Amino acid sequence: MMHFRIVRLSRERERERESCFGPFQVTERAKLRYIAGKWSWKPMPVSSPWLKHYPVEAASDGMEHVVFLCEDRGEPAGQVTLCMWWNHFAFVDRVDVAPAYRRKGVATMLLQRAKEWAREQNARGLFTQTQDINVPAMLLYEKCGFSLCGIDTMLYYNSPHRGETAVFYYLLFPNDY
């Protein structure tokens, strides 16, 4: 039986999140469509599946950010890194779940903690970005109430991820202001 708890990592402990990183198998790619002012997508199989690796560094590593670690009896199970953005949204920079803990609700718990932190910061909501080849992440964000709000076909042009499309998700909080 698993016993999860989520803790905020101090800067000195942030390297512990790296044990949550791991590749995932890409078997599908999102076919994105924009019709009548609304984005939609459907998963399409890829012809040759591959392992996708993300870099260890998070985009927010040079910024003021927070890391929450989900532990199972002291073992890292997953992590979420986020920061406040200029537009009063909290940016979910990355969510990682250790391979042994995938599909056990860890990412959902981490996103719930991210929502709580964002509300504590008086954010207007959360936003995140993933890729069209990360169908599991797209399904997760939608399950957690995020809406697909846009794409960027050039974001990865000058990177090892050329050919991937950036997909942006937002979760708006009720207007409490």
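Look above for the structure.
Just so it is clear, the model here is predicted, and its values are computed rather than measured. (Residues numbered from 1 in each chain as written. Predicted model: local features only at pLDDT ≥ 70, side-chain atom pairs only at ≥ 80, totals over all residues. Heavy atoms only, no water.)

Looking at the pairing of strand E6 (residues 90-97)
Counted residue by residue, E6 has seven buried out of eight residues, so it is predominantly covered. Two strands pair when backbone bridges link them, and strand E5 (residues 75-84) and E6 are joined in this way by seven bridges, in the antiparallel orientation. For Thr81, the partnering residue across the bridge sits in E6 and is Arg94. Hairpin connection of E5 to E6: five residues between the antiparallel strands, including His88 at a positive phi of 70 degrees. Pairing analysis gives three bridges linking E6 to strand E7 (residues 125-131), with the strands arranged parallel. Its bridge partner lying in E7, Phe91 is registered against Phe127. Handedness of the crossover joining E6 and E7 through helix H1 (residues 106-120) is recorded here as right-handed. (Buried < 20%, exposed > 50% of the residue type's maximum accessible area, 1.4 Å probe, protein only. Helix = DSSP H or I, 4+ residues; strand = E, 2+ residues; numbered from the N terminus. Pairing = 2+ DSSP bridges. Right-handed = clockwise from strand over helix to strand, strands pointing away.)

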